[in-house]
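Read off the chains here:
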Amino acid sequence: MNALLAQSGLPRYDGLDPKTLGPDIDRLIAEAQAVLEAVVAPETPATWAAVMAPLTTATEALGRTWSAVHHMGGVMDSPDWRDLTNSKLEVVTAFWSHLAQDRRLFQKMKALASAADVLADPTRQQALSNSLRDFRLGGAELSAKDQDTFARQTARLAQLSQVFSEHLLDSTNASVVHVSDAEQLEGIPAHAVAAAAEEARRRELTGHVFTLQQPSLMPVLQFARHRPLREAIYRKHATRASEIAQEGPANDNTPIMGEILSLRQRQARLLGFESAAQMSLVSKMASTPDEVIGFLAALASKARPSAQADLADLRGFARETLGLETLEGWDIAYASEQLRQARYLFSEDEVRQYFPLPAVLDGLFGVVHTLFGVSIEAMSTDDPSPAWHPDVEAFLVKRGGESIGHLYLDLYSRSTKRGGAWMDDARGRRRLGQALQTPVALLTCNFSAPAPASGRPSTLTHDDVITLFHEFGHGLHHLLTQVDDLEVSGINGVEWDAVELPSQFMENFCWEWETLQAMTRHQETNAALPRDLFEKMKAAKNFQSGLFMLRQIEFSLFDIRIHSEIEATADQSPEEVGRDIDAILQSVRKEVAVIVPPAFNRFAQGFGHIFAGGYAAGYYSYKWAEVLSADAYAAFEEAGPTAYSDVGQRFLNEVLSRGGSRPALVSFESFRGRAPSIDPLLRHNGLAQAA
Ligand SMILES: [Zn+2]
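Everything numeric in this text was worked out from a predicted model, so none of it was measured. (Residues numbered from 1 in each chain as written. Predicted model: local features only at pLDDT ≥ 70, side-chain atom pairs only at ≥ 80, totals over all residues. Heavy atoms only, no water.)

### A closer look at the overall build of the protein chain
Then, in step 1: Counting its regular elements, the protein chain contains 27 helices and nine strands.
Then, in step 2: Relative to a compact globule of 691 residues, whose C-alpha radius of gyration would be 26 Å, the protein chain shows 27 Å and is just as compact.
Then, in step 3: In terms of overall dimensions, the protein chain has C-alpha extents of about 80 × 70 × 60 Å along its principal axes.
Then, in step 4: Within the protein chain, buried positions represent 51% of all 691 residues.
Then, in step 5: Looking at the protein chain alone, contacts between residues at least 24 apart form 74% of all its contacts between residues at least 6 apart.
Then, in step 6: Put simply, the protein chain shows about 29,700 Å² of open surface, and 52% of that area lies on carbon and sulfur atoms. (Helix = DSSP H or I, 4+ residues; strand = E, 2+ residues; numbered from the N terminus. Rg over C-alpha atoms; globule rule 2.2 N^0.38 Å. Buried < 20%, exposed > 50% of the residue type's maximum accessible area, 1.4 Å probe, protein only. Contact = heavy atoms within 4.5 Å. Areas by Shrake-Rupley, 256 points an atom, 1.4 Å probe, with all protein chains shown as cover.)

### Some points on the environment of proline 663
Then, in step 1: Mapped onto the secondary structure, proline 663 falls in the loop between helix H25 (644-654) and helix H26 (664-672).
Then, in step 2: Sequence-wise, proline 663 and proline 23 are 640 residues apart; in three dimensions their C-alpha atoms are separated by 40 Å.

### Quick word on the pattern of salt bridges
Then, in step 1: The full count for this structure, using the stated rule, is 44 salt bridges.
Then, in step 2: For lysine 19, the salt bridge goes to aspartate 80, with nearest N and O atoms at 3.0 Å. Of this pair, lysine 19 sits in the segment before helix H1 (21-40) while aspartate 80 is found in helix H3 (residues 79-100), placing the two residues 61 residues apart along the sequence.
Then, in step 3: Assessed through its relative accessible area of 62%, lysine 19 is described here as exposed.
Then, in step 4: Through salt bridges with shared partners, a single network forms among Asp631, Glu638, Arg672 and Arg674. (Salt bridge = Lys/Arg side-chain N within 4 Å of Asp/Glu carboxyl O.)

### Some remarks on the coordination of the zinc ion
Reference geometry at the metal: tetrahedral coordination by four donors gives ideal angles of 109.5 degrees; octahedral coordination by six donors gives 90 or 180 degrees.
Then, in step 1: For the zinc ion, the full set of protein donor atoms is His470 (NE2), His474 (NE2), Glu500 (OE) and Glu500 (OE), and the range of their distances to it is 2.1 to 2.8 Å.
Then, in step 2: When the donors of the zinc ion are listed by position in the chain, the intervening gaps give H-x3-H-x25-E. Of this pair, histidine 470 sits in helix H17 (residues 462-479) while glutamate 500 sits in the loop between H17 and helix H18 (501-507), and the two are 30 residues apart along the sequence.
Then, in step 3: Assessed through its relative accessible area of 13%, histidine 470 is described here as buried.
Then, in step 4: You can call glutamate 500 partly exposed: its relative accessible area is 28%. (Donors = N, O, S within 2.8 Å, 3.2 Å for Na, K, Ca; no water.)

### A word on the packing of aromatic side chains
Then, in step 1: Scanning the entire structure with this criterion turns up 36 aromatic pairs.
Then, in step 2: Ring plane angle 40° and centroid distance 5.1 Å describe the contact between phenylalanine 106 and phenylalanine 135, whose orientation is recorded as tilted. With phenylalanine 106 in helix H4 (residues 103-112) and phenylalanine 135 in helix H6 (residues 122-137), this pair connects stretches of sequence that are 29 residues apart. Across this residue pair, the class does not change: phenylalanine 106 and phenylalanine 135 are buried.
Then, in step 3: Relative to phenylalanine 534, the ring of tryptophan 513 has its centre 5.3 Å away and its plane inclined at 45°; by these criteria the two rings are tilted. With tryptophan 513 in helix H19 (residues 513-519) and phenylalanine 534 in helix H20 (residues 531-541), this pair connects stretches of sequence that are 21 residues apart.
Then, in step 4: You can call phenylalanine 534 buried: its relative accessible area is 1%. (Phe/Tyr/Trp six-rings, centres within 6.5 Å; stacked < 30°, edge-to-face > 60°.)

### As for the nonpolar core
Nonpolar side chains in soluble globular proteins tend to end up buried together.
Then, in step 1: If you look at the biggest cluster of nonpolar residues, it comprises 126 residues, and the most contacted ones within it are Phe372, Leu407, Phe505 and Phe558.
Then, in step 2: Sorting elements by how many residues they give to this core places helix H13 (residues 289-322) first, with eleven residues.
Then, in step 3: If we skip the residues at most four places from it in the chain, leucine 407 touches Ile376, Glu393, Ala394, Phe395, Val397, Ala441, Leu443, Phe472 and Leu479. (Core = buried A, V, L, I, M, F, W, Y, C linked by side-chain atoms within 4.5 Å.)

### Describing the packing of helix H24 (residues 621-639) against H25
Then, in step 1: Between H24 and H25, the shortest axis-to-axis distance is 9 Å and the interhelical angle comes to 155°. As summarised for this structure, H24 and H25 are arranged roughly antiparallel, according to the angle between their axes. Both H24 and H25 take part in a crossing whose hand is right-handed. Between H24 and H25, the residues in contact are Ala632, Tyr633, Ala635, Phe636 and Ala639 and Tyr644, Val647, Gly648 and Phe651, respectively. (Axes fitted to C-alpha atoms, helices over the stretch in contact; angles between N-to-C directions. Parallel < 35°, antiparallel > 145°, perpendicular 65-115°, else oblique. Left-handed = near helix turned anticlockwise from the far one by under 90°.)

### Brief notes about the packing of H1 against H3
Then, in step 1: The N-to-C vectors of H1 and H3 enclose an angle of 5°; their axes lie 10 Å apart at closest approach. Considered as vectors, H1 and H3 are oriented roughly parallel to each other. Residue-level inspection shows Leu21, Gly22, Ile25, Asp26, Ile29, Ala32, Gln33 and Leu36 of H1 in contact with H3, the latter providing Trp81, Leu84, Lys88, Val91, Val92, Phe95 and Leu99.
Then, in step 2: Among the residues making up the contact of H1 with H3, the classes are represented as eleven nonpolar, two polar and two charged. (Nonpolar A, V, L, I, M, F, W, Y, C, P; charged D, E, K, R; others polar.)

### Describing helix H14 (residues 332-344)
Then, in step 1: With 13 residues, H14 extends 17 Å between its outermost C-alpha atoms, agreeing within 8% with the 18 Å of an ideal straight helix rising 1.5 Å per residue.
Then, in step 2: Taken together, the buried residues of H14 touch helix H9 (214-223), helix H10 (227-238), H13 and H20. (Expected span 1.5 Å × (residues − 1).)

### Some thoughts on the pairing of strand E5 (residues 402-412)
Then, in step 1: Within E5, nine of the eleven residues are buried, which leaves it mostly tucked inside the rest of the structure.
Then, in step 2: Bridging between strand E4 (residues 393-399) and E5 involves seven bridges; their strand directions are antiparallel. When the sheet's bridge partners are listed, valine 397 is paired in E5 with glycine 405.
Then, in step 3: What sits between E4 and E5 in their antiparallel hairpin is a turn of two residues, with glycine 400 showing a positive phi close to 55°.
Then, in step 4: Bridge count for E5 against strand E9 (residues 440-447) is six bridges, and the pairing is parallel. Along E9, the bridge assignment pairs tyrosine 412 with phenylalanine 447. (Pairing = 2+ DSSP bridges.)

### A short note on unusual backbone geometry
Then, in step 1: The phi angle at glutamate 204 is positive, at roughly 55°, despite the residue not being glycine.
Then, in step 2: Its location among the elements puts glutamate 204 in the loop between helix H8 (190-202) and strand E2 (208-211).
Then, in step 3: For alanine 617, which is not glycine, the phi torsion reads 50° and is therefore positive.
Then, in step 4: Relative to the assigned elements, alanine 617 resides in the loop between helix H23 (608-611) and H24.

### Topic: the sheet that holds strand E3 (residues 374-378)
Then, in step 1: Taken together, five strands build an open sheet; the order of strands is E3-E4-E5-E9-E6 and the sheet is mixed. The open sheet terminates on both sides in strands that have one partner only, identified here as E3 and strand E6 (422-427). Sheet twist, expressed as the average angle between the axes of neighbouring strands with direction ignored, equals 25°.
Then, in step 2: Each of E3, E4, E5, E6 and E9 is contacted by H17, which is oriented at about 170° to E9, the strand it contacts most.

Listed below in structure tokens is the structure:
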């Protein structure tokens, strides 16, 4: 426990025992609760030192311990960690939600705005304004009656999101495509055919059964030569959770979407916002729905010519090579895959030979050193290892000879680890009097482990390399902060649509010829990546990028427009609002899409990101952050590699080190000397128009 809560040095994970941590968590909650009571007491002066400092100390101890539990559950899954998580989830969640709704604390924080130790410090002003904003968004300023309504709406929304997901899942599982004629399987990869045979056996059927789950669906849509088979599975998939779903309307999400949207609009109006979109943007970098719509429209107008060219190209190929006179919804993925193979195929396995993990790490650390003057040194592994698994490596992060943080890399997949890649904040930077608490980042990936007994290191695909650079970018944002107040240091308090700036920024270096030369080393020949292979990889990267971008814009516009334009008045039924949602989808498609899906396609009924996830009026963030990161990287391109250190230093000073201590737009503009431009992203995607 104490080893986990240390302020410097390495937090030790080796001694964490899920069987004994439970009482510690209870104690930390009780302590935080006691501190809360003390800071809200009338006699406690409204100053940062008397309110925020002790409250942050208490909640940080709980937050850090709970995040370690969560981390261990994600990387060392076991019944004991699950038991601990499940047994404490409710009390921990309840503590945070009570804290966020404590009116006494809200009043105390409002009084903090005029405290001398806040007024003198812009960083603290920013942190305080974030907290007050979150209280207001949670309904803290409403009358008791309205608060009650707001709380009921919140609870109902949580329920509806759950129903939306369940409908979608049930509808996905409700239909299958049964193939009894083996000739229809032509083109489908063997692993997918074998899985379909297994699925049929499981259902006590002969032949093959394809489900609407991605791993079964995609191979059919991408590879099946038999067009009616593609059509059959496409139709079932495209009508899921709708009134025309294969299994009937029982799982129709249309009224659920309508009610969700109504409640979101009513909550926004209750808080004095014009729309749910406006409310969502209060905590984001974009300021108004019109700004987002304008941004998307500008991108769309630039991407459309390329998308049209992509489509014309695909049509021509489909006609001449595949004998498809028309290109239907169920032909797009198939024809695209055939075209990709015909034009851009290279062997992933061949590429992988050039990327042994030690060479990639050397390359990555080299880039970071060049850009930011930071050195990353492996810690001498003492005994017992401070980490949770023998595969994990600990590193010391140094700048100017000074230790500024620590990093754990846990890179190989194993059965006890959750899939994907992510960065966890294990400890954030904070100054406490004379003492400086240094940040610790945990990077988790799922790369293939080295073959046992081969004596050879693991090799990465180029996608793996990009993933590693991406997560490392999040890590740098967390580790290189210079902010002293935990509330806004590192990634804390950074606007939601700006969080991916440093991570996507780092990805760019994986596409630099010189950088790749330095970080590739064929495992047999030691040769660096050859130029022709590199060019093939780059061409494949931008394959159909116009179509892809336009599709992302279509989803984003749909999302922001339904949350800003549909009023959802009190006399409208959920079904009516559901129809309004559909009308906007059709209008967006007409406006931006070059591939208009068939009329029966019910995309919205399956759009979990915005109806059941956290992306409502925020789906545009993907593109928004890409624009920022591409434009930030363009500053390096413009200056050229010899000036990387200078530009890197400025990027560090103005963006990375600032965390959430000031608005992301201010940080970006201070670095770039102007507002963000969409042009570099278009250029990187091969979408820049010839002058
Ligand atoms: Zn990310």
